[in-house]
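Each chain, written out:
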Amino acid sequence: MLLLKSAESIAGRLTRNEAGIVVADLPSAAQAILRQSVKDRFYYQIADSYGHRLTGDAVLPLPADTEQTGPKFRMIEVDGQPVRMCRMPIQITPSPDDIWIQVAETLDSRQRFLRHIFLSILVPQIMLIVLASLSVWLGVTHGLKPLDKLGRVLRSRAKVDLSPIDIGKTPKELAPVTNALNDVFSNANDLISSQRQFIGNAAHQLRTPLTALTTYLDYIGRLENSTDDEFDGVLKPLSEAVNRVTHLVNRLLSLARSEECGAKELEQVDLSAVVNEVGVNLAAFAISNGICMDFDLPETPVYIQADPGDIVELVTNLIDNAIKYTSRRGSVWVKLDQRNSQTVALIVEDDGRGIDDNEKMRIFERFYRIPGTDGPGCGLGLSIVFEAARSNAAQINVFDRPGGGTIFLVKFKTNNNEGSSLKKSEKKDRATVLEERSLERQV
Ligand code: ADP
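Caption draft 1: Highlighting the overall build of the chain. The helix and strand inventory of the chain stands at nine helices and 14 strands. Across the 443 residues of the chain, 39% fall into the buried class. In the chain, the proportion of contacts linking residues at least 24 apart, taken out of those at least 6 apart, comes to 64%. On the chain, roughly 25700 Å² of surface is accessible, and the fraction owed to carbon and sulfur atoms is 56%.

Next comes the structure, spelled out in structure tokens:
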């Protein structure tokens, strides 16, 4: 603006004499005022439309652009210094020719002014923004720390652990959230427990009439006046159906039992005695299937910290399956292998039809039976085994038996002093057991 004003004031002092020559009425006093009106070095120049300097500083470039109409600003260099220049064409009557006024100034004061603006306004503003961002960041990080801690506490829990969070282990500020979470856990726990209880009760209620029905069917089958045809046509399918339902109900009951949640003190169980007892109970079944059973058990007790009911279910289902899925004249080997002072492995091996690799993960799913599997069964046996293993911190693995057949290996922690305080709440979740199982298989 200052440059334009200077150019305009110079324009006001230009006239043409009678000969048409441009006369600049710029006495040295006026030039001094112009040069002092700005704090920088000031240049001016007046030139005609033919590019001839009429008066003023020769250091300014002569105008070349004759098309220009109004004032124009541009940056040029004078003596190696950046200079801002305003070039303005005017006409001085009577001639229509353009007269060019050029004024320019160095940028020192402008830069000083910018520096001043930067230091007095921008620097404090930037510092304020940095400080504000820092305090917001610190505030948010500090404020979120308790949530982070609560998140870590939650993440460290087993997937199926619905026990209440220990308020003492979580930040005080989050006590209302922790209490609310505990309420949610407690409600979910109640719901799951009541559903399991319902299944358990229903299975239990069904068991009694089914047992009675089986007994009546046996009795009718043995009546003297019933013929074999009558038995085969009506009673046999009925008896088989009742057996299937009884089997299913028993399995549902076992599953409901082994899935029972809540912290439960585990007992000292002699694994060797359990295996022996189950073997005795299943001997008749093995004989009727033409299976030879071989038991290799230590003579001294092998104690594990476990739920006795779970262990009976686990051992029964594994040996029962080995017998069921091995053809006549096959063999089943059951062994307890005390590997070291902390672990004992139950190995149930058969020379039956084996299990394909892609089925090895699926057989633990509920109600899953490998396609083509005949005979009694509902696909719940290995789910019960799995739950029992999980509940008792045991690892289960399935291998192919060299020469054909399957090996189920369950590793238990033996009951040394550290292990004796193991609670049911410390049980491993399904994913961990499966993961370990697949890892072991790879080894
Ligand atoms: P169920 O025996 O009632 O069918 P399980 O859950 O015990 O149910 O077993 C699931 C499936 O795994 C069985 O249907 C069978 O196909 C397969 N399986 C289990 N154990 C063996 C085994 N020892 N050998 C071969 N296949 C087996």
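Caption draft 2: Broad picture of the site of the ligand. Lining the immediate surroundings of the ligand are 21 residues, of which N321, Y325, R369, T373 and L382 lie closest. Within the contact set of the ligand, an oxygen atom lies 2.8 Å away from a backbone nitrogen or oxygen of L382. Contact with the protein chains covers 100% of the free accessible surface of the ligand, which is 530 Å². More than half of the atoms of the ligand fall within 2 Å of the grid points belonging to the largest cavity. Of all the elements in the fold, those that place two or more residues in the shell around the ligand are α7 (308-324), α8 (381-391) and β14 (406-413). For the shell around the ligand, the leading source of residues is α7, giving three residues. A breakdown of the residues in the shell around the ligand according to their chemical character gives 10 nonpolar, seven polar and four charged.

Caption draft 3: Region of interest: the confidence of the model for the chain. Looking at the chain as a whole, its pLDDT mean stands at 84, while 87% of the residues score no less than 70. Ranking the helices and strands of the chain by mean pLDDT puts strand β9 (residues 292-296) first, with 97, and helix α9 (residues 430-442) last, with 45. Note on residues 417-435: pLDDT is under 50 here. Beyond four places in sequence and across chains, it has 44 contacts. pLDDT under 50 marks residues 437-443. Its contacts with residues more than four places away, or in other chains, come to 16 contacts.

Caption draft 4: Expanded view of helix α1 (residues 2-11). For α1, the complete set of buried residues consists of L3, L4, S6, A7, I10 and A11. The arc that holds every buried residue of α1, seen down its axis, measures 160°, which confines them to one face.

Caption draft 5: Geometry of the sheet that holds β9. Judged by pairing direction, the sheet is mixed, and its five strands sit side by side in the order β9-β11-β12-β14-β13 without closing on themselves. A strand with exactly one partner marks an edge of an open sheet, and here the two such strands are β9 and β13 (395-400). The sheet shows a mean angle of 15° between the axes of neighbouring strands, direction not considered. Bridge count between β9 and strand β11 (residues 331-338): five bridges; the pairing is parallel. Its bridge partner lying in β11, D296 is registered against K335.

Caption draft 6: Structural context of the packing of helix α6 (residues 271-288) against α7. Axis separation between α6 and α7 bottoms out at 9 Å; the angle between their running directions is 35°. Handedness of the crossing formed by α6 with α7: right-handed. Residues L271, V274, V275, V278, L282, F285 and A286 of α6 touch α7, and the partners they reach there are I311, V312, V315, T316, I319, D320, I323 and K324. Taken together, the residues of the contact of α6 with α7 break down into 12 nonpolar, one polar and two charged.

Caption draft 7: Representation of a nonpolar patch on the surface in the model. A contiguous nonpolar patch, built from F118, L119, L122, I126 and V130 and spanning about 450 Å² of accessible area, is present on the exposed surface. Along the polypeptide, L119 turns up in helix α3 (residues 108-155). What makes L119 exposed here is its relative accessible area of 54%.

Caption draft 8: Looking closely at the environment of L382. Take L382: it is sitting in helix α8. Separated by 65 residues in sequence, L382 and N317 place their C-alpha atoms 6.9 Å apart. Filtering out sequence-adjacent residues up to four positions away, L382 remains in contact with L318, N321, I363, F364 and F408.

Rules used throughout
Residues numbered from 1 in each chain as written. Predicted model: local features only at pLDDT ≥ 70, side-chain atom pairs only at ≥ 80, totals over all residues. Heavy atoms only, no water. Helix = DSSP H or I, 4+ residues; strand = E, 2+ residues; numbered from the N terminus. Buried < 20%, exposed > 50% of the residue type's maximum accessible area, 1.4 Å probe, protein only. Contact = heavy atoms within 4.5 Å. Areas by Shrake-Rupley, 256 points an atom, 1.4 Å probe, with all protein chains shown as cover. Near = heavy atom within 4 Å. Polar contact = N/O pair within 3.5 Å; in protein donor to acceptor, adjacent residues only side chain to side chain. 1 Å grid on protein atoms, 1.4 Å probe; cavity = no way out; pocket = protein on both sides within 12 Å on 5 of 7 lines; lining within 4 Å. Sits in = over half its atoms within 2 Å of the grid points. Nonpolar A, V, L, I, M, F, W, Y, C, P; charged D, E, K, R; others polar. pLDDT = per-residue confidence, 0-100. Arc of directions from axis to C-beta. Pairing = 2+ DSSP bridges. Axes fitted to C-alpha atoms, helices over the stretch in contact; angles between N-to-C directions. Left-handed = near helix turned anticlockwise from the far one by under 90°. Patch = residues over 30% accessible without salt bridge, like charges linked within 9 Å, V, L, I, M, F, W, Y side chains within 5 Å. Salt bridge = Lys/Arg side-chain N within 4 Å of Asp/Glu carboxyl O.

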